[in-house]
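Chain by chain, the residues:
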Amino acid sequence: METKTKSKGAAKKKAAEKMTGAEALIKSLLAEDVDTIFGYIGGAIMPVYDALFNYEDQLKHVMVRHEQGAIHAAQGYARTKRKPGICFTTSGPGATNLVTGLADAMLDSTPLICITGQVGASLLGSDAFQETDVVSVSMPITKWNHQITTAEEIPEVMAKAFFIANSGRPGPVVIDITKNAQFEELEYEYEATNRVSSYVPKPKTRLSEVEKAAELINDCQKPLVLLGQGVSISGAETEFKEFVEKAGLPVASTLLGLSAFPTNHSLYTGMLGMHGNYAPNINTNKCDLLIGIGMRFDDRVTGNLNTYAKQAKVIHIEIDPSEIDKNVKTDVAINADAKQALELLIPKIKKNSHEEWLETFSELHEIEFEKVISKDVHPPAGKMHMGEVVNTLSELTKGEAIIVTDVGQHQMASARYYGFQKQNSWISSGGLGTMGFGIPAGMGVALAKPDRPIFVLVGDGGFQMTVQELGTIAQYNLPVKIILLNNNFLGMVRQWQQLFFSNRYSSTELKNPDFLMISEGFGVPAKQISERDDLKAALQDMLDLDGPFMLEVKVEKEGNIFPMVPAGGTVSEMRLD
């Protein structure tokens, strides 16, 4: 792809300076307003780190304990800051340790620039020490990747990398730089770009489709809006609220759409999906118009596609054309940025309300509240439930904290029972479902938003996958508050084994270590509670404390997360117990 530089408003080129490729890389990051890097040093990236030494007053480098921690931290930073997260690794195992995070970022539309060191260009293909074909390995799980073999390539490639990563549907970019390119000298000039030939990040909106969508919205009786993360990525939260309020449209959120719309709003009906809320799932197969905005109709939302919303007309607003008609066939497809599409739609829709239709959501919610929610948030006796921990946290923080989760039952409990009141307050692994995501992602969030309370909710399984990053948290005194919900099981898998495999708990029960001793050994203060009478005070103490803290909460060992759509089932078959 040929790169074309900015033609309007572009800064004048500075006079060329002679420098090494390593310094040119650092200068390029500064030109793109980078302030934080997550990384792990090694031989093939050492010249870059040597150049970084001279810029420590301008660039904060966070030395993690494992490369997977670096990329998950960069993800947390990127999704909170809404700008590309940056990570450095060396060649070979350093680079391949990024693979899980790249796949996660690709599925969840997270902009990253991952710089990997590589052996010298003369050694490529020779199976040299710590050589791996990073470009081939990462190609299916990156938005773009490129190998730099000469220093003079660095400015143009870096400009292209930033533009591609953060435009259109965002995603991860890998730049693999050979060691010779880091040492070589070049005449350095840098100019950011907003054009790459053959790449169209924001498609031109077809006004005819906007007109058709407005007509369907104005004529419908039982609409349902599906709110996806694309609304937040495009910065369209205000337009979205105006849109649904004007037309009186009930709103349901995907997992990653959470916090884009306040959960206490009269039009909010709950979360979609396998462990979502009863009302929006059931009414998906009763609505007459389904409006998906910035979401991709993945299987955890739709269940069995053969029976999904067959009675409804479907409007899909989505920036990535490959997602349109991929899973659910649309009647109106608006291939556009969510903010742009909503700005065009709002003047064309009529002011409306759907009170009778909204009442059906309330009736279904009452059923869920009686059978599930009331027992989760206010259990009568016995061990604590994950739901009551999250609900208590929500009440204490007034729904204004940033919630970061790992993956498992605690993730679903957090999504269901935290009442989000502020935008951009939910960071979790969606499409890939990556255990080990939570703790390092929380580090990135803490560096992106140090002024907001940050809670990482994690299970005992996921905690042990990236537990070493407690060392990073302690070293940089990051204000990450970790709530470890410990049930001595891989809880989500155990739940499936109970429900669908006749209670045959194969390889899901965990003999856990002394988590307090481990946390304190890394330098993070910790406490354990097992009685609900201690819960509120322990959470308040965490909230009041400056710096990091880990609270282990012993919860019900064989607790389940309901409602639940069985795998392969339809949204209409959602189980309440």
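Along each chain, residue indices are assigned from 1 in the same order as the chain's sequence is written. Residues qualify for local features only when their pLDDT is at least 70, as the model is predicted, and side-chain atom pairs are given and counted only at 80 or more; totals for whole chains, interfaces and linings, by contrast, use all residues. Hydrogens are left out, water is left out, and the side-chain values use all remaining heavy atoms of the structure.

*Asks:* How would you explain the overall build of the chain if you had to name every residue and give the values?
*Replies:* Working definition: helices are DSSP H or I runs of at least four residues, strands are E runs of at least two. Numbering for both runs from the N terminus. Within the chain, the regular secondary structure consists of 23 helices and 22 strands. Here the radius of gyration uses the C-alpha set of atoms, whereas the globule reference equals 2.2 Å times the residue count to the power 0.38. Relative to the 2.2 N^0.38 estimate, which gives 25 Å for 577 residues, the radius of gyration of the chain is 24 Å and therefore close to what a compact globule would have. For the C-alpha atoms alone, the extent of the chain along its principal axes is close to 70 × 60 × 40 Å. Note on classification: 1.4 Å probe, protein chains only; a residue is buried when its accessible area is under 20% of the maximum for its type, exposed when over 50%, partly exposed between these limits. Counting across all 577 residues of the chain, residues that qualify as buried make up 59%. Pairs of residues are marked as contacts when any of their non-hydrogen atoms sit within 4.5 Å. Contacts in the chain between residues at least 24 apart in sequence constitute 77% of all its contacts with a sequence separation of at least 6. Note on areas: Shrake-Rupley with a 1.4 Å probe; residue coverage comes only from the protein chains shown. Accessible area for the chain stands at about 23000 Å²; split by element, carbon and sulfur atoms hold 49% of it. Computing the positive centroid from 55 side-chain charges and the negative centroid from 71, the chain places the two 4 Å apart. Counted charges follow a simple rule, with Lys and Arg positive, Asp and Glu negative, and His plus the chain ends left uncounted. In this description, the location of a charge corresponds to atom NZ of lysine, CZ of arginine, CG of aspartate or CD of glutamate.

*Asks:* How would you explain the side chain of Glu 67 if you had to name every residue and give the values?
*Replies:* Here Glu 67 lies in helix α3 (residues 67–81). For Glu 67, which is buried and forms no salt bridge, the nearest opposite charge comes from Arg 65, at a distance of 12 Å. With residues near it in sequence (within four places) discarded, Glu 67 still touches Tyr 40, Thr 89, Gly 94, Asn 97 and Leu 98. A side-chain nitrogen of Lys or Arg and a carboxyl oxygen of Asp or Glu constitute a salt bridge if their distance falls within 4 Å.

*Asks:* Please provide a residue-by-residue account of the nonpolar core, values included.
*Replies:* One finds Ile 217, Phe 240, Phe 243, Leu 290, Ile 293 and Ile 483 to be the most contacted residues of the largest nonpolar core, which totals 98 residues. For this core, the element with the highest residue contribution is helix α15 (residues 355–377), accounting for seven residues. With near-sequence residues (within four places) excluded, Ile 293 lies in contact with Val 225, Leu 226, Leu 227, Gly 228, Val 231, Phe 240, Phe 243, Ile 317, Ala 338 and Leu 342. Within this scheme, the nonpolar core is defined by two criteria: the residues are buried Ala, Val, Leu, Ile, Met, Phe, Trp, Tyr or Cys, and they are joined through side-chain atoms within 4.5 Å. Formed by 47 residues, the second largest nonpolar core is a distinct cluster that contains Val 458, Val 467, Ile 473 and Phe 515.

*Asks:* Describe the packing of aromatic side chains, with residues and values.
*Replies:* Between 30 and 60 degrees the pair is tilted, below 30 it is stacked and above 60 it is edge-to-face, where a pair is any two Phe, Tyr or Trp rings, Trp via its six-membered ring, whose centres lie within 6.5 Å. Within the structure shown, the criterion is met by 13 aromatic pairs. Taken together, a centroid distance of 6.4 Å and an interplanar angle of 20° make the contact between Tyr 188 and Tyr 190 stacked. Taken individually, Tyr 188 and Tyr 190 each receive the classification buried, so the pair is uniform in this respect. Residues Phe 420 and Trp 426 carry aromatic rings whose centres are separated by 5.6 Å and whose planes lie at 75° to one another, so their mutual orientation is edge-to-face. The buried category is assigned to Phe 420, whose relative accessible area is 1%. A relative accessible area of 4% places Trp 426 in the buried class. An aromatic cluster of three or more residues is present, and its members are Phe 240, Phe 261 and Tyr 268. Geometrically, a lysine NZ or arginine CZ counts as sitting over a ring once it is within 6 Å of the ring centre and also within 35 degrees of the ring normal. Directly above the ring of Phe 489 sits Arg 494, whose terminal nitrogen or CZ lies 5.7 Å from the centroid.

*Asks:* Let's hear about the sheet that holds strand β19 (residues 454–459): which residues, and what values?
*Replies:* Should DSSP find at least two bridges between two strands, the strands are taken to pair. One open sheet holds the six strands; their spatial order is β18-β17-β19-β20-β22-β21, and the pairing between them is parallel. Looking along the sheet, the strands with just one partner apiece sit at the ends: β18 (426–427) and β21 (526–529). Pairing analysis gives six bridges linking strand β20 (residues 480–486) to strand β22 (residues 549–554), with the strands arranged parallel. Along β22, the bridge assignment pairs Ile 482 with Met 550.

*Asks:* Outline unusual backbone geometry, listing residues and values.
*Replies:* Residue Pro 563 is bonded to the preceding Phe 562 through a cis peptide linkage, with omega at 0°. Among the structural elements, Pro 563 can be located in the segment after β22. Even without being a glycine, Gln 130 presents a positive backbone phi close to 60°. By secondary structure assignment, the location of Gln 130 is in the loop between β6 (112–118) and α6 (134–138). Of the residues examined, Gln 130 reaches a relative accessible area of 29% and is grouped as partly exposed. Look at Ser 507: it is not a glycine, yet its phi comes out positive at around 60°.

*Asks:* Explain the domain arrangement of the chain to me, and be specific about the residues and the numbers.
*Replies:* Where each domain starts and ends comes from a domain assignment, either automatic or drawn from a database. Annotation of the chain at the domain level lists domain 1 (2–188), domain 2 (207–361) and domain 3 (383–554). One C-alpha centre belongs to domain 1, the other to domain 3; they are set 31 Å apart. Taken over both partners, the interface formed by domain 1 and domain 3 buries close to 2100 Å², and the fraction arising from carbon and sulfur atoms is 61%. In this assembly, domain 1 and domain 3 are joined by zero salt bridges. Of all elements in the fold, only β3 (36–39), β4 (60–63), α3 and α5 (99–107) reach the threshold of two or more residues within the side of domain 1 that touches domain 3. When two parts are brought into contact, each loses some accessible area as probed by a 1.4 Å sphere; the total of that loss over both is the buried area.

*Asks:* Please give an account of the environment of Ala 181 that cites residues and values.
*Replies:* In this structure, Ala 181 sits in helix α8 (residues 179–183). Taking the C-alpha atoms as reference points, Ala 181 and Val 119, 62 residues apart in sequence, are found 9.9 Å from one another. Ignoring sequence-local partners within four residues, the contact set of Ala 181 consists of Gly 21, Ala 22, Ile 148, Thr 149, Thr 150, Ala 151 and Ile 154.

*Asks:* An account of the side chain of Asn 218 is requested, with residue identities and associated values reported.
*Replies:* For Asn 218, the location among the structural elements is in helix α9 (residues 207–219). Separated by 3.2 Å, the side chain of Asn 218 and the backbone oxygen of Lys 348 make a polar contact. Here Asn 218 is in contact with Lys 348, Ile 349, Lys 350 and Asn 352, once residues within four sequence places are set aside. Two N or O atoms form a polar contact when they lie within 3.5 Å of each other; inside protein one atom must be a possible hydrogen donor and the other a possible acceptor, and for residues adjacent in sequence the pair counts only when both atoms belong to side chains.

*Asks:* If you had to explain α15 to someone new, which residues and values would you point to?
*Replies:* To estimate how far a helix should extend, the number of its residues minus one is multiplied by 1.5 Å. Here α15 contains 23 residues, and its C-alpha end-to-end distance of 28 Å is more than 12% below the 33 Å for a straight helix at 1.5 Å per residue. What the bend at a residue measures is the angle between two axes, fitted to the seven residues ending there and to the seven starting there. The sharpest bend along α15 reaches about 55° and sits at Phe 369. When α15 is considered as a whole, its buried residues turn out to be Trp 357, Leu 358, Phe 361, Leu 364, Glu 368, Val 372, Ile 373, Asp 376 and Val 377. Contacts made by the buried residues of α15 are with β11 (223–227), β13 (268–271), α12 (278–284), α16 (386–397) and α17 (409–417).

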